[in-house]
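An overview of the molecular structure
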Amino acid sequence: MQKIVLQGIAYDDKSSFMKGTAQAPPLIRECYHSASANYYAENGMEIIPGIFNDSGDLNPGEYFDVETFTRNNLNKQFNIITLGGDHSITFPVFRAFHELKGPVDILHIDAHADLYDEFEGDRYSHACPFARIMEEGLCSRLVQVGIRTMTRHQQEQAAKFSVEVIPAAGFSQASLPEFKTPLYLSLDMDALDPAYAPGISHYEPGGLTSRQVLDIIQQINVPLVGADIVEYNPTRDINRMTGMLCAKFLKEISAKMLESI
Ligand code: MN
Ligand code: MN
């Protein structure tokens, strides 16, 4: 019955602007179980709690505790979904994932490229995870969608690592490339316009709609083998609307994973 490992990382030590994302994992779980909604995904699958091999939420003492925790929770048969936490967690999570499962392509949905070589003196800042992943050669391909904050430095980093960047400006579903290998999805909630997701730390107007992100998930036509949902900051949310959106994405990502199992 269990088919997907679920883990939470209650961690915001690497957030540059404000804290709060450490509070997200239990609240996303609460929204997923909310009596205001049901467990159905839009493809008709019922995403009941029994499909998750739930490892609970980690409060990491140190950054790389995230890697150890993920390594202990992963197994060969199951896919994995991680609830963040700030975006710094994606590097240690993906490192453990890569060790067991080998390189896959990454689809990264975000307002930010998170490609800084270092940010405010920290190479593991939430502004840096994809620079670390690319340096270590952990993925076969990195496609970024929703980007609208490309600094000169990050343009250079994207060129250096051959990152495929699809900006928010002019975005349409047709601009997405075709994937050919299994895929890992890293979803930063600030990719959405703050009108749809006010519960985030970095407001960057001009973002994607909830529907656009759902469409991106639903049109994935290769096996989706891992995912994370990060940067939900409950301290900024309004009526849990961003929490409910995270829960919706949790169900839709799970449904997409189950399609290829
Ligand atoms: Mn990010
Ligand atoms: Mn972001």
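Before going into details, it helps to say that this report is about the structure given with it. (Residues numbered from 1 in each chain as written. Chains lettered and ligands numbered in written order. Predicted model: local features only at pLDDT ≥ 70, side-chain atom pairs only at ≥ 80, totals over all residues. Heavy atoms only, no water.)

Thoughts on the side chain of Asp-114
Tracing the sequence through the fold places Asp-114 in the loop between strand 4 (105–109) and helix 4 (129–135). Despite its burial, Asp-114 pairs with no opposite charge; the closest candidate is Arg-148, at 11 Å N-O. The residues touching Asp-114, leaving out its near neighbours within four places in the chain, are His-87, His-108, His-126, Ala-127, Cys-128, Pro-129, Phe-130, Ala-131, Gln-154 and Asp-188. (Helix = DSSP H or I, 4+ residues; strand = E, 2+ residues; numbered from the N terminus. Buried < 20%, exposed > 50% of the residue type's maximum accessible area, 1.4 Å probe, protein only. Lys, Arg positive; Asp, Glu negative; His and termini not counted. Salt bridge = Lys/Arg side-chain N within 4 Å of Asp/Glu carboxyl O. Contact = heavy atoms within 4.5 Å.)

A closer look at the coordination of the manganese ion (ligand 1)
Bound to the manganese ion (ligand 1) are the protein donor atoms His-87 (ND1), Asp-110 (OD), Asp-114 (OD) and Asp-188 (OD), situated 2.1 to 2.2 Å from the metal. Donor residues for the manganese ion (ligand 1), ordered by position in the chain, follow H-x22-D-x3-D-x73-D. Taken as an interatomic distance, the gap from the manganese ion (ligand 1) to the manganese ion (ligand 2) is 3.2 Å; Asp-110 donates to each of them. No difference in accessibility class separates Asp-110 from Asp-114, as the two residues are buried. (Donors = N, O, S within 2.8 Å, 3.2 Å for Na, K, Ca; no water.)

Overview of the packing of aromatic side chains
Scanning all chains against the criterion turns up twelve aromatic pairs. An angle of 65° between the planes, with centres 5.4 Å apart, marks the rings of Phe-97 and Tyr-184 as edge-to-face. Remark: Tyr-184 occurs in strand 7 (residues 183–188) and Phe-97 occurs in helix 3 (residues 90–101); sequence separation between them is 87 residues. Summarising the aromatic geometry, the rings of Tyr-116 and Phe-119 are spaced 4.8 Å apart at their centres and angled 65° between planes, so their arrangement reads as edge-to-face. (Phe/Tyr/Trp six-rings, centres within 6.5 Å; stacked < 30°, edge-to-face > 60°.)

Comments concerning the coordination of the manganese ion (ligand 2)
Bound to the manganese ion (ligand 2) are the protein donor atoms Asp-110 (OD), His-112 (ND1), Asp-188 (OD), Asp-190 (OD) and Asp-190 (OD), situated 2.2 to 2.5 Å from the metal. Written as a sequence motif, the donor arrangement for the manganese ion (ligand 2) is D-x1-H-x75-D-x1-D. Assessed through its relative accessible area of 16%, His-112 is described here as buried. Classification of Asp-190 as buried rests on a relative accessible area of 2%.

Here's the deal with the packing of helix 1 (residues 24–32) against helix 7 (residues 241–259)
The axes of two packed helices give the description: the angle between them and the distance between them. In the contact formed by helix 1 and helix 7, the axes pass within 8 Å of each other and the chain directions differ by 75°. Compared by their axis directions, helix 1 and helix 7 come out roughly perpendicular. Of the residues in helix 7, those touching helix 1 at Ile-28, Cys-31 and Tyr-32 are Gly-243, Met-244, Cys-246, Ala-247, Leu-250 and Lys-251. Counted by class, the contact of helix 1 with helix 7 contains seven nonpolar, one polar and one charged residues. (Axes fitted to C-alpha atoms, helices over the stretch in contact; angles between N-to-C directions. Parallel < 35°, antiparallel > 145°, perpendicular 65-115°, else oblique. Nonpolar A, V, L, I, M, F, W, Y, C, P; charged D, E, K, R; others polar.)

Considerations on the nonpolar core
Of all hydrophobic cores here, the largest spans 49 residues; its most connected members are Phe-52, Ile-81, Leu-107, Val-145, Met-189, Phe-249 and Ile-253. Residue contributions to this core peak at nine residues, all from helix 7. For Val-145, the contacting residues outside a window of four places in its chain are Leu-107, His-108, Ile-109, Asp-110, Ile-166, Phe-171, Leu-176, Leu-208 and Ile-216. Core analysis: the next-biggest nonpolar cluster, separate from the first, contains 33 residues, Phe-69, Phe-91, Leu-115 and Phe-130 among them. (Core = buried A, V, L, I, M, F, W, Y, C linked by side-chain atoms within 4.5 Å.)

What to know about the packing of helix 6 (residues 210–218) against helix 7
For the pair helix 6 and helix 7, interaxial distance at closest approach is 10 Å and the crossing angle is 15°. When the axes of helix 6 and helix 7 are compared, the pair comes out roughly parallel. Classified by chirality, the crossing of helix 7 by helix 6 is right-handed. Of the residues in helix 7, those touching helix 6 at Ser-210, Val-213, Leu-214, Ile-217 and Gln-218 are Leu-245, Lys-248, Phe-249, Glu-252, Ile-253 and Lys-256. (Left-handed = near helix turned anticlockwise from the far one by under 90°.)

Focus on the pairing of strand 2 (residues 52–58)
In this sheet, strand 2 lies alongside strand 1 (residues 4–9) in parallel orientation, the contact comprising five bridges. Bridging across to strand 2, Val-5 finds its partner in Asn-53. A crossover connection joins strand 1 to the parallel strand 2 through helix 1; in handedness this β-α-β unit is right-handed. (Pairing = 2+ DSSP bridges. Right-handed = clockwise from strand over helix to strand, strands pointing away.)

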